[in-house]
Amino acid sequence: MSAYTEGIICVLCINAIAVMGVSLVTGYTGIFSLGHAGYMAIGAYTAAILTARYSFYFIPAIVAGGLLAALIAYIIGVPTLKLVGDYYAIASIGLGEAIRLILENGGTFTRGARGFPGIPNYTNLTVAVCSFVIMAFLMFNLINGRFGRAFKACRDDYIAASLLGYNTAKYRILSLVISGFYCGVAGALLGGFLLYIKPLMFDMMKSTELTSVVVFGGLGSMSGTLLGMVIITLITEVFRPISQYRMLIYGAILVIIMVLRPEGIMGQYEFGPGMFKAIKEKFKGDHYSEEGRKV
Amino acid sequence: MAKKSNQNVLQLENLTKYFGGVPAVNDISFSIEEGKLAGLIGPNGAGKTTIFNLITGVYPPDSGKILFWGEDITYLKTYQAIGRNMARTFQNLRLFPHSTALENVMVALQQHHSYSFIEAITHLGGWGKKEREIKAKSMDILDRVGLADRANQKARTLPYGMQRRLEIARALALEPKFLFLDEPAAGMNPEEVNALNTLILGIHKELKFTILVIEHHMDLVMEICSHIICMNFGTKIAEGNPMEIQSHPEVLKAYLGE
């Protein structure tokens with residue numbers, strides 16, 4: 001396998017971990033975020049500083065990056081997610097920018113705007129793929145169980161959910177903390193792959209990209225998010241020769257999908273028997289009459 | 001002390017709630033005995049749903065007290081209601097539209113058959129057993145309300161009458177002792193109302209619930225309720241058995257005009 005292909009697979013795996021986190025919080029729990037690159041930055045810098053400066057082994061460094069991002073998510077989540085509404089979305093913009101600016105002005109500790117070089121090359125193909133497989137396994141397990149159902153309930157109707165005994169604020173915060181952990185881990189892996197990170201990599205642009213991939217793949221569909229991420233990443237790779245103009249194609253594809261399929265590529269379906277059944281029924285035109293008989 | 005069968009499960013004492021300057025609920029007091037199937041009736045805007053919202057903690061009252069099994073629950077939070085063994089349905093359906101009928105019931109039922117976060121992300125330990133148990137019990141409940149064959153259909157694609165039944169199923173899944181039904185027959189045709197009657201009476205008899213039902217369909221209320229409270233403009237105007245209510249002058253005035 002050429003180094004280039006290996007590189008693309010690594011990037012895919014890293015992006016996949018990040019968008020799974022965003023998909024959980026935005027698609028499954030209904031909290032829009034425009035600052036998840038901030039959590040990636042925390043993960044990336046934590047792992048970079050621990051490995052490059054304090055010569056930590058990379059696995060604890062990656063986990064520490066994820067945990068610190070989760071902690072920050074908890075701290076920002078508690079005041080904003082107790083309220084119902086888009087307060088977190090607004091706060092997340094501020095959070096993302098604040099983290100970036102703190103890193104830029106971190107002096108010798110973060111090495112400021114010039115970036116942090118000399119990160120050991122710990123993210124190879126095996127590490128990236130293994131991380132993705134483990135994280136995806138845990139995420140799909142999580143959404144196929146009581147937590148997945150609870151997150152969706154809190155998203156769809158918080159009053160009904162709270163009358164079923166769910167402290168909806170608690171579930172929203174839990175969802176954000178998990179997603180912060182995922183983005184932190186993705187950031188940590190990114191640092192070990194690029195060997196160099198700078199605050200500008202984790203700007204607002206990156207955050208909106210993460211959220212738009214989730215919308216593109218389907219809000220409330222984890223596998224749709226992954227599919228959308230693969231499509232978007234590959235498109236930007238294929239059109240790399242035309243440099244900046246590929247953003248035009250990227251934008252056009254987002255617009256086309258939103259016009260043709262506003263619910264995203266996969267809608268709310270997960271890849272599996274349920275999806276095929278839904279497609280079959282759509283093409284068969286199976287409808288139910290008001291009396292409940294198949295017509 | 002009173003005999004247990006006559007114990008008041010729910011007791012409202014001088015409950016008052018203002019929205020702006022309008023008294024939505026004004027100095028209401030009534031109580032419901034254990035095992036009763038009671039009805040709360042009144043014209044539109046009488047404050048019936050507000051009473052449900054006050055009891056379940058959607059908003060707090062301005063004054064007054066709510067006792068449930070003798071315990072003061074006036075300022076209870078909504079998500080604590082389940083711990084008090086109460087469940088409710090809504091006048092305007094509040095299902096989880098993007099989840100299947102089965103998931104709608106499971107999300108309620110899993111509250112009593114929980115497993116840990118670690119088990120949830122690894123699918124190890126008690127996960128499989130608990131999930132199967134939740135699923136089986138949820139199917140039983142769907143079967144009771146006659147929706148077993150629609151289990152895997154998304155809730156929003158169900159016909160209206162079925163959505164109403166699904167809401168009842170979801171409330172039953174909380175395994176409550178006290179069930180609040182907010183206009184369960186709203187928008188149903190006569191046959192559906194009849195089927196609903198049978199369902200509510202069946203639940204009441206078999207599961208020994210205490211039920212308080214808000215309803216506009218007089219025939220439904222008169223047929224199934226043994227105790228009726230009538231409200232108008234936020235105040236209680238009559239209370240008694242169906243016969244008494246039907247001949248009460250205030251009730252007739254409220255419903256038929258002067």
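Computed from a predicted structure; not experimentally measured. (Residues numbered from 1 in each chain as written. Chains lettered and ligands numbered in written order. Predicted model: local features only at pLDDT ≥ 70, side-chain atom pairs only at ≥ 80, totals over all residues. Heavy atoms only, no water.)

A.B. asks: It is not clear to me how the overall build of chain A should be interpreted in this structure. Could you clarify?
C.D. replies: Counting its regular elements, chain A contains 13 helices and zero strands. Secondary structure of chain A in N-to-C order comes out as α-α-α-α-α-α-α-α-α-α-α-α-α. Its C-alpha atoms give chain A a radius of gyration of 20 Å, near enough to 19 Å, the size a compact globule of 295 residues would have. The dimensions of chain A, computed from C-alpha atoms along their principal axes, are 70 × 45 × 30 Å. Scored against the burial criterion, the 295 residues of chain A give a buried share of 53%. Within chain A, contacts between residues at least 6 apart in sequence are counted, and of these 79% link residues at least 24 apart. (Helix = DSSP H or I, 4+ residues; strand = E, 2+ residues; numbered from the N terminus. Rg over C-alpha atoms; globule rule 2.2 N^0.38 Å. Buried < 20%, exposed > 50% of the residue type's maximum accessible area, 1.4 Å probe, protein only. Contact = heavy atoms within 4.5 Å.)

A.B. asks: How should the sheet that holds strand 10 (residues 235-240) of chain B be read in this particular structure?
C.D. replies: The pairing of strands in a sheet comes from backbone hydrogen bonds and takes either a parallel or an antiparallel form. Residue and element names in this part refer to chain B. Sheet architecture is open: six strands sit in the order 6-7-8-3-9-10, paired in mixed fashion. What marks the edges here is a single partner per strand, and that holds for strand 6 (86-88) and strand 10. Each adjacent strand pair in this sheet contributes to an overall mean axis angle of 15°, direction not counted. The pairing of strand 3 (residues 37-41) with strand 9 (residues 227-232) spans four bridges and is classified as parallel. Among the inter-strand pairings, Gly39 is bridged to a residue of strand 9, identified as Ile228. The sheet contacts of helix 5 (residues 160-173) involve strand 6 and strand 7 (178-182), and relative to strand 7 the element is tilted by about 160°. On top of the sheet, helix 9 (residues 249-256) reaches strand 3, strand 9 and strand 10; it is set at about 125° to strand 10, its chief contact. (Pairing = 2+ DSSP bridges. Axes fitted to C-alpha atoms, helices over the stretch in contact; angles between N-to-C directions.)

A.B. asks: Would you mind going over helix 1 (residues 48-55) of chain B with me for this structure?
C.D. replies: One full turn of an α-helix is made of 3.6 residues, so residues set three or four places apart face in the same direction. Counting buried positions over the eight residues of helix 1 of chain B gives seven, a clear majority of the element. In the segment just after helix 1 of chain B, Gly57(B) is the residue with positive phi, at about 80°.

A.B. asks: Looking at this model, I keep getting lost on the domain arrangement of chain B. Mind explaining?
C.D. replies: Often, the extent of an interface is quoted as the loss of accessible area upon association of its parts. Residue and element names in this part refer to chain B. Domain boundaries in chain B define domain 1 (1-85 + 176-258) and domain 2 (94-175). Placing the centre of domain 1 and that of domain 2 at their C-alpha centroids yields a distance of 27 Å. Each partner contributes residues to the interface: domain 1 has 20 residues there, and domain 2 has 13 residues. Sorting the residues of domain 1 by area buried against domain 2 places Ile82, Pro176 and Leu199 first, and these three jointly supply 38% of that buried surface. Joining domain 1 to domain 2, the criterion identifies one salt bridge. Among the salt bridges present, the one from Arg144 reaches Glu206, with a minimum N-O distance of 3.2 Å. Linking domain 1 to domain 2 there are four residue pairs in polar contact (both at pLDDT 80 or more). Of all the secondary structure elements, the ones that give two or more residues to the side of domain 1 that touches domain 2 are strand 7 and helix 6 (190-207). Here the side of domain 1 that touches domain 2 gets seven residues from one element, more than from any other, and that element is helix 6. In terms of residue class, the side of domain 1 that touches domain 2 is made up of 13 nonpolar, two polar and five charged. (Domains from an automatic or database assignment. Buried area = accessible area lost by both parts, 1.4 Å probe. Salt bridge = Lys/Arg side-chain N within 4 Å of Asp/Glu carboxyl O. Polar contact = N/O pair within 3.5 Å; in protein donor to acceptor, adjacent residues only side chain to side chain. Nonpolar A, V, L, I, M, F, W, Y, C, P; charged D, E, K, R; others polar.)

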